[in-house]
Amino acid sequence: MGKRIIPAVRNMKDFDDVLKTDHELIIFLETRLSQLESTVKYAKQHKKKVLIHADLVQGLKVDEYGLEYLIHNVKVDGIISTKSKVIAYAKKHNIIGIQRLFALDSHALNHNLKICQKIKPDYIEILPGVIPEIIQEIYDETGIPIIAGGLIRTQIDVDNAINASAYAVTTSNKELW
């Protein structure tokens, strides 16, 4: 991954805008299964690497067959999911696996840390990404590169996350792209 900000695309207007940037890596947060193959192909023609948040693809059942479709037919470069089985499947098929976790409370955090230490995702995406102490704690605990996401609204939010050991920040705020 190159730049420290990874654009997160929510709709086709955002997709058109991100193609005009020099960002190599983009994330599709919400998309429809029927659009996915052609959209990813178009992004790759523009020299973009595409990560798909599998849990948010409308019409996709996130099971072994759905993931097989994303990897072999759509040819995504990586998969983001809250489900550890999905990330394990991505890693098994040699694409980027990003475990998304929500820092809701201490219990959820400890549970998610155990999962991450077991499956060893390529990256951990932490939401919300505006809690520097938690970013640092998770990185210290796992040694896995952290992507901060959720509620990233300003350059100060980006800087705080990066200064707290985040490898990158993902945001749908086009002003930060």
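In what follows, the structure referred to is the one given above.
Within each chain, residue numbers correspond to sequence positions counted from 1 in written order. Where totals are concerned, whole chains, interfaces and linings use all residues; where local detail is concerned, this predicted model gives features only for residues with pLDDT of at least 70, and gives and counts side-chain atom pairs only at 80 or more. Remark: hydrogens and water are excluded; side-chain values derive from all non-hydrogen atoms of the structure.

A. Representation of unusual backbone geometry in the model. With an omega of -5°, the peptide bond running from leucine 127 to proline 128 counts as cis. Phi angles above zero are rare outside glycine, and lysine 75 is one such case at about 65°. Tracing the sequence through the fold places lysine 75 in the loop between helix H3 (64-74) and strand S6 (78-81). Notably, lysine 120 is not glycine yet its phi reads approximately 50°, a positive angle. By the element assignment, lysine 120 lies in the loop between helix H5 (106-119) and strand S8 (123-127). Categorising residues by exposure relies on relative accessible area from a 1.4 Å probe, with only protein chains included: less than 20% of the type maximum marks a residue as buried, more than 50% marks it as exposed, and the intermediate range marks it as partly exposed. You can call lysine 120 partly exposed: its relative accessible area is 45%. Numbering of helices and strands runs from the N terminus; a helix is a DSSP stretch of H or I covering at least four residues, while a strand is a stretch of E covering at least two.

B. The sheet that holds strand S10 (residues 166-171), seen in detail. One closed barrel accounts for 8 strands, arranged S1-S2-S4-S6-S7-S8-S9-S10; its pairing is parallel. In this sheet, adjacent strand axes meet at a mean angle of 25° when their direction is disregarded. Its contacts with the sheet put helix H6 (residues 132-142) on strand S7 (96-102), S8, strand S9 (146-149) and S10, and the angle it makes with S8 is roughly 155°. Should any heavy atoms of two residues lie within 4.5 Å, those residues are counted as being in contact. What counts as an axis is a line fitted to C-alpha atoms, over the stretch in contact for a helix, and the angles between N-to-C directions run from 0 to 180 degrees. Strands strand S1 (5-9), S9 and S10 of the sheet are contacted by helix H7 (residues 155-163), whose axis makes an angle of about 155° with S10. Pairing between two strands requires that DSSP report at least two bridges joining them.

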